[in-house]
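Listed below, chain by chain, are the residues.
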Amino acid sequence: MQKKYDAIIVGGGHNGLTCGAYLARSGLKTLVLESRGIVGGAAVTEEFVPGFRASTYSFIMGHLHPKVIEELQLKKFGLQHVIMNSVFNPTEDGKDGIVFTKDPKITFDQIARFSKRDADNYPKFFESLTSTIKMLQAMQLETPVDPTKTDFKSRLELAKFGWRYKDNGDDFMNVIDSLSLSAHDYVSRWFETDIVKAKFMYWATIGGNVGPYSPGTAFYLVAHLIGQTGMSFARGGMGAISDAIAASAKSHGAEIRTSATVHEILIRDGRAYGVKLSSGEELHAKLVASNANVKVTFGKLVKNHHLPETFSNRVSQFRTRGKSFKLLCATDALPQYSGFNQQALGIEYPAYAHIGPTPEYLERAFDDAKYGWYSSKPFLSPIVPSHQDDTLCPAGKHVVSLYGGVAPYELEGGSWEEEKPNLINNAFAVMERYAPGFTDSVIDYKLILPQDIERVVGMPGGNTLHGEMMLDQMFMARPVPGYSDYRSPIDALYQCGASSHPGGAVSAVPGHNAAREILRDWKKLK
């Protein structure tokens, strides 16, 4: 006799696991299916060379929502985090730099060495953003309202939304500014010095596809400040987050199957009733929730004839171009930045750095990619989690993760098989400029490109945020207008992945929100 479930979750990424954990916690008989041999999707820890483990794709825990941590009791299930107290930004010549720390006095003094005006404006900048960030943090947990819907329920939800945020007029204007302004214009309102501007503009490059002089990139900057867990990394790598969520889900009775690839979502009379695996096995449930990207869910797993044409067209237009690369390095020493004098500064070694010293440097890194090539001088985020986490590599050795850009999905007039060594050389050359001797410390390495992310994790285009986070792909328009509420044109088929609101980063919020909407519908569904 076939085993039947209340809910089947397609994809065991951290959002799929989160959705499954909440449903199981509410008493639903839940099954999570993951095609890989391990759960976690992009939030995994894997051995990349013998004896060295790293967060293969995602890298920072700062966005994981405190509500999810508490409600799913993730600390009880082993989740620990390591706080990074500083971020180092070298100057263009590599001989100096600014260390941003959690101590506002130290950071003020650091900035003041370059500009007293910028130092004075630094607290004002964050003060102006504080209420906006708090509003966006609250809006993360909202199911986006759709002002185009005219039925009574939708109008009522819109009215309730307006009332909740009736005192946030200035904050909404700030969000509109960030969604329309370039990161350069946004920070130039406050700062005059290149190194200080570049510090904040760097956040606008992470996961983006256009340079920080392009309109709309200021939102990337603001979005990266929303995280409520701070500058932190999961002890044991990002896979520790997924493992803790999976353990929480199992404690409530959820079943998790790995090496189980979903070939098709089964639909009859306009309603999802289960899935068919690549093995041919069918599994049935009262509802299906897909953690897969919207282009995978409705471009591959759901047969096209089940979908409205306008919806399918919108899905096909959802932009998922990836341009970031990651170079995982096993080393026998820490990177030593020539511009960082620990003895003189009295500041802890910076296990996190941003190499992108001027606004022009960051913009030029995107220039080659505009025409289908990779950066001759990439910007880099050298991260050394092993500095405070001894679980990742042998004693006396280190894991150095170089997240950088720009490397497009495809090359014009060349192939990645031929050009990989050249990109690696470019990245190492940048490290040598700012941390002399780094290349000699490298024992082995592994390069990860957008094509690798797509192939291994199933994220179309290799976009690390599961889809560009620009005005037309955010809030009520994510992933497509009319379906930002985690539902779909198919009854009993939901979306719980990061191509839904509020978007990418390891926040677990899409999974949390999707589970809430499913539970609201549960009486009707069952």
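None of the values given here were measured: they were computed from a predicted structure.

Participant: How would you explain the nonpolar core if you had to name every residue and give the values?
Facilitator: Membership of the largest hydrophobic core comes to 92 residues, with the highest contact counts inside it found for F200, Y352, L402 and F438. Once residues lying within four places of it in the same chain are set aside, the contact partners of Y352 are F59, I60, S86, V87, F88, W203, M231, F233, S381, P382 and I383. Of all hydrophobic cores here, the second largest spans 42 residues; its members include C19, A244, V506 and I518.

Participant: Tell me about the packing of aromatic side chains, residues and numbers included.
Facilitator: For the coordinates displayed, the defined rule picks out 24 aromatic pairs. With centroids separated by 5.3 Å and ring planes inclined at 45°, the aromatic side chains of F59 and Y403 adopt a geometry described as tilted. Here F59 is found in the loop between β4 (52-55) and α2 (66-71), whereas its partner Y403 is found in strand β15 (residues 398-405), with 344 residues between them in sequence. Here F59 matches Y403 in class, with each residue buried. Measuring from centroid to centroid gives 5.2 Å for F191 and F200, while their planes differ by 10°, and the two rings are stacked. Judged by relative accessible area, F191 falls into the buried class, the value being 1%. Among the aromatic residues, those joined into a ring-pair cluster are F100, Y122, F125, F126, W190, F191 and F200. Above the face of the F100 ring, K199 is positioned so that its terminal group lies 4.7 Å from the ring centre. Over the aromatic face of Y273 sits the side chain of R268, whose NZ or CZ is 4.0 Å from the ring centroid.

Participant: Any details on the state of the cysteines? Residues and values, ideally.
Facilitator: By the definition in use, this model includes 0 disulfides. Take C19: it sits in no disulfide, and the sulfur closest to it among the cysteines is that of C496, at 4.4 Å. With relative accessibility at 0%, the residue C19 sits in the buried group.

Participant: Explain the pairing of strand β3 (residues 45-49) to me, using residue names and the numbers behind them.
Facilitator: Here β3 runs beside β4; their pairing, made up of 4 bridges, is antiparallel. Along β4, the bridge assignment pairs T45 with S55. Between β3 and β4, which pair antiparallel and follow one another directly, the connecting turn spans 2 residues, one of which, G51, has a positive phi of 90°.

Participant: Any chance you could break down the environment of N15 for me, citing the residues and the numbers?
Facilitator: Here N15 shows up in helix α1 (residues 14-25). What makes N15 buried here is its relative accessible area of 3%. Here the side chain of N15 touches G511 through a polar contact of 3.0 Å, landing on its backbone nitrogen.

Participant: Tell me about the sheet that holds strand β14 (residues 379-383), residues and numbers included.
Facilitator: If you trace the 4 strands from one edge of the open sheet to the other, you get β14-β15-β13-β16, paired in antiparallel fashion. The outermost strands of the open sheet, each flanked by one partner alone, are β14 and β16 (442-448). In this sheet, adjacent strand axes meet at a mean angle of 20° when their direction is disregarded. Both β14 and β15 contribute to a ladder of 5 bridges, which runs antiparallel. The residue bridging P382 from the neighbouring strand is L402, located in β15.

Conventions we followed
Residues numbered from 1 in each chain as written. Predicted model: local features only at pLDDT ≥ 70, side-chain atom pairs only at ≥ 80, totals over all residues. Heavy atoms only, no water. Core = buried A, V, L, I, M, F, W, Y, C linked by side-chain atoms within 4.5 Å. Buried < 20%, exposed > 50% of the residue type's maximum accessible area, 1.4 Å probe, protein only. Contact = heavy atoms within 4.5 Å. Phe/Tyr/Trp six-rings, centres within 6.5 Å; stacked < 30°, edge-to-face > 60°. Helix = DSSP H or I, 4+ residues; strand = E, 2+ residues; numbered from the N terminus. Lys NZ or Arg CZ within 6 Å of the ring centre and 35° of its normal. Disulfide = S-S within 2.5 Å. Pairing = 2+ DSSP bridges. Polar contact = N/O pair within 3.5 Å; in protein donor to acceptor, adjacent residues only side chain to side chain. Axes fitted to C-alpha atoms, helices over the stretch in contact; angles between N-to-C directions.

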